[in-house]
Amino acid sequence: MREASVSVPGLPEARVSRRAVTLFGGAADRASVTRDYAPLDDYLDAGDYDGYLLYADSGLADQYYLAGFDAPDPFVTLYAPDETALLVSGLEYGRAVNEARADVVKRYADYDLHGKAAEYGRDEAFRRVLVEFLDDQGAGSVATNARFPLATADDLRERGVSVSADRGDRVGAVRAVKTEDEVEAVRAAQRANEAAMRTAEDLIADAAVEDGVLVRDGEPLTSERVKEEIEVALLRRGCALDETIVACGADAAEPHNRGSGPLRAGETIVVDIFPRDKSTNYHADMTRTFVKGDPTPEARAFYDVTERAFEAAFDALEPGATGADVHGAACDVFEDAGYPTLRDDPSTETGYIHSTGHGVGLDVHEGPRLSDGADEELEPGNIVTVEPGLYDPDVGGVRIEDIAVVTEDGYEDLTDYRVEFGVE
């Protein structure tokens, strides 16, 4: 684990303690924390909005964050500074009452959805029920995020409810500052991530080499085989992921190429794993680049300068720095070494062709950003990746990525996995 100014207990206290809320839902065995909703409350107050309205399943991170309820089908959340109200189906009502982070839980049956559906059809019935629910909550003017269904917004406006788009992503801004419990949730996901990375590295390290191809159990060791073992390792530790990256050679020169086919000796192998803990829904993220055998001199040079950029970015990571500052520190290293970056050549297709990092939480990609134009200052509680890399199809790809939390006096690297080119 990296050494730095570390003070997780130094994460900030909430500026405004709206009320005690439950981090991962309402079950009695979950930890209770107080979040700072003040930026969202201030936005609602300034716009004279009666609440913040969402209609989505819990796969939408804002929905899960405000409702504290995990449901596969869409439901309604109305957040207001004094209370949060949910509107759910009868199927989910019992769970919502017991688990949701809500003061009020209503069900469609409370507004006779079935009877209205028989008279008006299902879609029209839902629209009428939603308007009645909002009227019960005194919400004639609401804000919502950019993913709110357009048809639903239009229907509400036609029925006299003012609906405005939150173009500043206020819920995302609140989510970007993690509580200590959220940090622990990411840390737990990262421990599982490291076990999965060890599984991948061991497969590569223990493989034989035949005609330049890695071989295990008499068969070529493929990207698909390594990804399968990564997924099994994560499942055994309560985590899941939809995709992962195990990309070799020219495939590794495309940062988001998932990789396919046999892995080859002497070529760079980028392994990027970004799992979600199924019990908390929080993610982790980590990348390592391995080589089995002797890398080319060009690949070794790629790795060495990328490691220097990685260190420089971490040296710049602290509260008060901007995401652009951290990104710029990495770009300086690459440019000084003669490699192109998007900062100095926006049209380049080789070199450093992405940003330095992003926030991680309920989404694997969220705020804050570490990139050009990211001018907002980092603050304690931000969890970000640091992941510089170099790419060229004639050389391969190299990326090194850790995940860290910004603290009052620096950062803590949440990653406990060695940075080394060769496998062991």
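Residues numbered from 1 in each chain as written. Predicted model: local features only at pLDDT ≥ 70, side-chain atom pairs only at ≥ 80, totals over all residues. Heavy atoms only, no water.

**Here's the deal with helix H10 (residues 297-316)**
Counted at 1.5 Å a residue, the expected span for H10 with its 20 residues is 28 Å, and the 29 Å between its end C-alpha atoms agrees. By the burial criterion, the buried members of H10 are Ala299, Phe302, Tyr303, Val305, Thr306, Ala309, Phe310, Ala312, Ala313, Phe314 and Ala316. (Helix = DSSP H or I, 4+ residues; strand = E, 2+ residues; numbered from the N terminus. Expected span 1.5 Å × (residues − 1). Buried < 20%, exposed > 50% of the residue type's maximum accessible area, 1.4 Å probe, protein only.)

**Regarding the nonpolar core**
Within the largest apolar cluster, 30 residues are counted, with the highest numbers of intra-cluster contacts made by Phe314, Leu317, Val326 and Val386. Those elements giving two or more residues to this core turn out to be H10, helix H11 (323-336), strand E19 (383-386) and strand E22 (402-407). Looking at this core, the element that brings in the most residues is H10, giving 10 residues. With sequence-adjacent residues up to four places away left out, Leu317 is seen in contact with Val326, Leu378, Val384, Val386, Ala404, Val406, Gly410 and Tyr411. Residues Leu44, Tyr49, Tyr64 and Leu414 belong to the second largest nonpolar core, which totals 25 residues. (Core = buried A, V, L, I, M, F, W, Y, C linked by side-chain atoms within 4.5 Å. Contact = heavy atoms within 4.5 Å.)

**Re a negative patch on the surface**
There is a patch of like negative charges on the surface, built from Glu318, Asp325, Asp375, Glu376, Glu377 and Glu379. With respect to the element layout, Glu318 can be found in the loop between H10 and H11. (Patch = residues over 30% accessible without salt bridge, like charges linked within 9 Å, V, L, I, M, F, W, Y side chains within 5 Å. Areas by Shrake-Rupley, 256 points an atom, 1.4 Å probe, with all protein chains shown as cover. Salt bridge = Lys/Arg side-chain N within 4 Å of Asp/Glu carboxyl O. Lys, Arg positive; Asp, Glu negative; His and termini not counted. Charge placed at Lys NZ, Arg CZ, Asp CG, Glu CD.)

**Quick word on the packing of aromatic side chains**
In the structure shown here, the tally under the stated rule is 11 aromatic pairs. For the pair Tyr37 and Tyr65, a centre-to-centre distance of 6.4 Å together with 50° between the ring planes defines the contact as tilted. Of this pair, Tyr37 sits in the loop between strand E2 (32-33) and helix H1 (38-46) while Tyr65 sits in helix H2 (residues 61-67), placing them 28 residues apart in sequence. Take Tyr37: its relative accessible area is 2%, and that puts it in the buried class. Given the relative accessible area of 2%, Tyr65 is considered buried. A ring pair is formed by Tyr303 and Phe421, whose centres lie 4.4 Å apart and whose planes are at 20°; its orientation type is stacked. Linking Tyr303 in helix H10 with Phe421 in the segment after strand E23 (410-413), this pair joins segments that are 118 residues apart in sequence. Take Phe421: its relative accessible area is 0%, and that puts it in the buried class. (Phe/Tyr/Trp six-rings, centres within 6.5 Å; stacked < 30°, edge-to-face > 60°.)

**Focus: the pairing of strand E14 (residues 269-273)**
Of all the five residues making up E14, five are buried; the element is thus mostly covered by neighbouring parts of the structure. Neither face of E14 is left uncovered, since the one carrying Ile269, Val271 and Ile273 and the one carrying Val270 and Asp272 both have all their residues buried. Sheet topology note: the strand E13 (residues 245-248)/E14 ladder contains four bridges and is antiparallel. Counted as the bridge partner of Val246 is Val271 from E14. Sheet analysis places E14 next to strand E16 (residues 286-290), joined by five bridges and oriented antiparallel. Note on E16: the bridge partner recorded for Ile273 is Met286. (Pairing = 2+ DSSP bridges.)

**A short note on the confidence of the model for the protein**
For the protein, the average pLDDT comes to 92, and 92% of its residues sit at 70 or higher. Contacts for the low-pLDDT stretch residues 24-33, under 50 throughout, to residues beyond four places or in other chains number 28 contacts. (pLDDT = per-residue confidence, 0-100.)

**Notes on the sheet that holds strand E10 (residues 213-216)**
In spatial order, the strands read E9-E10-E11; together these three strands make up an open sheet with antiparallel pairing. With one partner strand each, in any of the chains shown, strand E9 (208-210) and strand E11 (219-220) form the two edges of the open sheet. By the bridge criterion, three bridges tie E9 to E10 in an arrangement that is antiparallel. In the strand pairing of E10, Ala208 is matched with Val215.

**Description of the packing of helix H8 (residues 180-205) against helix H9 (residues 223-235)**
As a packed pair, H8 and H9 sit with axes 9 Å apart at the nearest point and diverge in direction by 150°. Where H8 crosses over H9, the handedness of that crossing is right-handed. Of the residues in H9, those in contact with Ala192, Asn193, Ala196, Thr199, Ala200 and Leu203 of H8 are Arg225, Val226, Glu229, Ile230, Ala233 and Leu234. Partitioning the contact of H8 with H9 into residue classes produces eight nonpolar, two polar and two charged. (Axes fitted to C-alpha atoms, helices over the stretch in contact; angles between N-to-C directions. Left-handed = near helix turned anticlockwise from the far one by under 90°. Nonpolar A, V, L, I, M, F, W, Y, C, P; charged D, E, K, R; others polar.)

**A word on the packing of helix H4 (residues 113-120) against helix H5 (residues 122-136)**
Contact geometry for H4 and H5: axes closest at 7 Å, N-to-C directions at 135°. The orientation of H4 relative to H5 falls into the category oblique. The two elements H4 and H5 cross, and the hand of that crossing is right-handed. In contact with Leu113, Lys116, Ala117 and Tyr120 of H4, H5 contributes Arg122, Glu124, Ala125, Phe126, Arg128, Val129 and Glu132. Here the residues of the contact of H4 with H5 sort into six nonpolar, no polar and five charged. (Parallel < 35°, antiparallel > 145°, perpendicular 65-115°, else oblique.)

**A look at the pairing of strand E18 (residues 366-370)**
Inspection of the sheet shows strand E17 (residues 357-359) paired to E18 by three bridges, in the antiparallel sense. When the bridges of E18 are listed, Gly357 appears paired with Leu370. Counted between consecutive antiparallel strands, the loop separating E17 from E18 contains six residues.

**A word on H9**
Over its 13 residues, H9 runs 18 Å from end to end, which matches the ideal 18 Å to within 8%, given 1.5 Å per residue. Within the sequence span of H9, burial applies to Ser223, Val226, Lys227, Ile230, Ala233 and Leu234. Projected down its long axis, H9 carries its buried residues within an arc of 120°, all on one side. For H9, the secondary structure elements touched by its buried residues are H8, strand E12 (239-240), E13 and E14. (Arc of directions from axis to C-beta.)

**So, the sheet that holds strand E3 (residues 51-56)**
Spatially, the six strands line up as an open sheet ordered E6-E5-E4-E3-E7-E8, and their pairing is mixed. Looking along the sheet, the strands with just one partner apiece sit at the ends: strand E6 (104-107) and strand E8 (162-165). Averaged over neighbouring strand pairs, the angle between their axes works out to 25° when direction is ignored. Here helix H3 (residues 90-99) sits on the sheet in contact with strand E5 (83-88) and E6, set at roughly 165° to E6.

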